[in-house]
Structure formats: C-alpha cells, structure tokens
Amino acid sequence: MCNDYCNGRRFGKSATRRDVLKTTLAAAGFAALGPLTGRLGTASGAVSAQTTFTIINMFGGNDGLSTVVPRGLASYHSLRPTIAIPPGMELSLAGGPAGTTAYGLNPKMPKTQALWDAGDAAIVNLVGYPDPNLSHFESEDIWSFGMRNGSGSLTTAASGWIARYADRYAPTSLGAMSVGIGRRRDFVGGSTNPLLLGRLSEFQFQRDGQFANNHLHRLEAARQMLSTQPTTGLSGEARAALDSAHQLVDQVQAAIASYSSTVVYPSNSLARSMQDIARLVQAGFPTRIFYTGFGGFDTHSEQNAVDGTTGLLTGGHADLMQRLDDAVGAYADDAKAMGSWDRTVIAVISEFGRRNFENGSLGTDHGHGACVLLMGGAVNGGSYGPPMTDAMLQEDQLEHLVDFRDIYREILADHLGAGSLSAVFPEAQQISTTLGLV
C-alpha cells in the first residue's frame, strides 16, 4: 500500500490531519483511512438490538424483467423469443399476504419466494429517476449521490446520501459501513467517515513473516509505546489514529472469534460479505446501514436459456440470481437464529434496468425503469408501484414511475427512525410516491 509519503512527497508545515493519518495507518496495513478521524463507536458484544438497513447493489444494470417476470403479458414473450422465462417456469408470488398473480420470480430464487410466502419480501417495479442516463458510471453516481435535478445535479453534488445520513443520524465511524466493495461514492463527502471493510478476516495488523511467532508481543509493545506519546499536535493526531486502529481491530477480531452459527453460507463473494455483516450484527456493532454488492449484471449476451436436456434455466443471469438468492437466504436463516430478522430490511438495487427486447446476441442492452427487491422481517410483503402493462413493454424501455429516493426515504424514516430527511435528499422530485414498504 502506497501513499503520498512513499511516492516522495514529504510532510511540511502545511501537513493536514488526513496526511498524517494516511501515513500512520498505511504502516498499519489499513485500507480504510478516513473512519479513524472521528468518533469510532463501540460494539456491545451482544446481538444488535437496533434496526438495520442492508443494501445489495447488483453492479452492471440488472434485467428486472428476468428477475420479476410479468406474467400474462404477451409482449414479454414476443419481444424476447429466446431469453424470456417460459410460462409456468417462473416461481409463483401468489402466496403472500399481499400476493399478486401479476408477477413471478426467476426460477433460481426459491429462497426469496419462501420469504415472500412468509410476508417478508416485496417488489417495487418501474423504479428509477428523471431524465434517464444509460452510462453505468453516471447512473451509479446518481444513485450514490441521491441527486438528479436542479442545483443539486450530479455535477454539483458534494457528498453521497449515506454520508449525509450518517452525519446526522449515525455520527460515528461504525454508523454506516461498506463491506467488500470498497469506497462507494455514497460514503464520500461527510464528516463522519464511515468504515470501509474488505473482509473481516483480513482486518488486522499485518504480520511480519520474520517475527510471526512474536506478533502479539510486538503489538502489545506498540500499544505501550503509544501510551507514552503526546496527545496534542500532529503527534497527538497520529497517536489518536493508531489508538483507534488498535481498538477497531480488537472489536473486529472479537466479532470473528465470538461468532456462532449453524448456517452454511455459499462460497462466493456476496455470501462472504453477508456473513461478515451477520458477524457484525451478532457482535453488537452500532451500524445502521451496511452496503455491499456484486457484479456481472451487464448481460449483453447469452443472458438466459433453457437447457434442452434438463429443462432448467441456464445462462449468466440465471447464475447471478441463484447467487443472490443463496446469499440472502443464508443471511435470513442466520438473522432469524440470532433474533435480528424482525429488525432487518435488505434492499437489492441496480443502477438501471435493461431494454424490453432481446438483442442479436441473446442478451439485453441498457434500459431504465427497474425493479427493487426488499427482504426482511420488517418489510411489508407484497407488490408496490404502478402495475406493469403490455403497452409499457411495447416501448423501447420501461419508464420510471417510482423514484428510488422514495424507497430510501421510507426505510430511513419508518425503519431506522430518522427525522427530517430534507438534508439527506434535498431535491424536489418530479415524482413522489408513498409506498408503505416497512
């Protein structure tokens, strides 16, 4: 890991607090530098008693019409003669308390269907934002900044919506957390500096192979040396940062050591991140928002097919849906066992949807209006948003009739208990909808 110092730029009189933190923490092997500049927050050691909101981002633009299938609409099959999920193969969504026969689920999502049947899953169709942008990067930024119109347009956004929320309602470095996906723009620009984690198992001071047997002794010696250092000035800043680093490593390693579960998670990146979130919840971390995700959803080719021998759905998108379903299903079982499921909301999002018709490569190109999936014991199960019609499908792409910020706003207010959200989502919206999701 390198920084301005190892690139040859030495600190002078104008050195900032962040410069010092970068140097000291780089030496400790930390990737998340910002969080240790503010109040850290403390894990309780018992299962978190507070409500949590977990966001899973499907990077690349998920095909909503292969995730939530519009049943009985002729255009769905005529516009997708090869990749449409055949009638009767989709999983029924008619069994929930607010059930609907208008939609079915991708056949690779039986665990999500079970959550629906229990009243713990919801779908919101036709989600997006005004003036669609079909660039992955621009659209991701719009979702991250939570801004689209007027003076708060994408080009002038100074902070991500999670940073603005954390500054007001979760003002410690553990109040919001990125797990397994690096520094998303949702987290930038605030003063709280939420924690950015890769893997819990890797969140520790690096071992020196030459002195591996004395690692704990060397750490203790470092703590003792820190205790003798000044508490003011630049040296004080460095000491405070490293003190916080030691404290955070201790909390994370304690969460790993104390984690107890009989749930077997799949071996993939999303499942590993969801299990890390389960460890943090079980250890009582004071985190209100967890953010994770996985990629591969830019399905321009070979998206879906039905295997001629087995009759099963195959293809890249089918594999991604199974990966999502398995990871969320494992986390749901874990959260139920530890007693936190009823305080849980999970939102599955993507930067945009896909076109209504298949392309010449048996995939779909960038579109707009998409579906958002919600799961958790705190979710009011069912289907939300305007019903999809055959006329909508006959257009090039789906329009947005639900603004994604209304979904976030309801979860923050009604589930996490946030007060005024005018500073978190400051823009007036062209469309504003009350959904009743939680």
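Structure: see above.
J.: Please clarify how the packing of helix α9 (residues 269-282) against helix α10 (residues 316-338) should be interpreted in this entry.
T.: To characterise two packed helices, one gives the angle between the axes of the helices and the distance between these axes. With their axes 9 Å apart at the nearest point, α9 and α10 run at an angle of 15° to one another. In terms of orientation, α9 and α10 fall into the roughly parallel class. Viewed along their axes, α9 and α10 form a crossing whose handedness is right-handed. Between α9 and α10, the contacting residues are Leu270, Ala271, Met274, Ile277, Ala278, Val281 and Gln282 on the first element and Arg323, Leu324, Ala327, Tyr331, Asp334 and Met338 on the second.

J.: Whenever I open this one, the sheet that holds strand β4 (residues 103-105) confuses me. Can you help?
T.: One open sheet accounts for 3 strands, arranged β2-β4-β3; its pairing is antiparallel. A single partner strand is all that each edge strand has here, and the edge strands are β2 (68-70) and β3 (91-92). One ladder, built from 2 bridges, connects β3 with β4; its direction is antiparallel. The partner of Leu91 across the bridge, within β4, is Leu105.

J.: Hey, could you run me through empty space enclosed by the protein in this one?
T.: Which parts of space are left empty comes out when a probe the size of a water molecule is rolled across the atoms. One pass over the full model with this rule turns up 3 cavities of 30 Å³ or more. Size it by volume and the largest cavity reaches roughly 80 Å³. Considering the residues around the largest cavity, the lining is formed by 15 residues, among which Gly64, Leu65, Gly369, Ala370 and Leu398 are closest to the centre. Residue assignment for the lining of the largest cavity shows that the elements contributing at least two residues are α2 (64-67), β5 (121-128) and β12 (370-375). When the residues that make up the lining of the largest cavity are grouped by side-chain class, the tally is 7 nonpolar, 5 polar and 3 charged.

The rules behind each value
Residues numbered from 1 in each chain as written. Predicted model: local features only at pLDDT ≥ 70, side-chain atom pairs only at ≥ 80, totals over all residues. Heavy atoms only, no water. Axes fitted to C-alpha atoms, helices over the stretch in contact; angles between N-to-C directions. Helix = DSSP H or I, 4+ residues; strand = E, 2+ residues; numbered from the N terminus. Parallel < 35°, antiparallel > 145°, perpendicular 65-115°, else oblique. Left-handed = near helix turned anticlockwise from the far one by under 90°. Contact = heavy atoms within 4.5 Å. Pairing = 2+ DSSP bridges. 1 Å grid on protein atoms, 1.4 Å probe; cavity = no way out; pocket = protein on both sides within 12 Å on 5 of 7 lines; lining within 4 Å. Points joined across faces, edges and corners; volume = space filled by probe spheres on them. Nonpolar A, V, L, I, M, F, W, Y, C, P; charged D, E, K, R; others polar.

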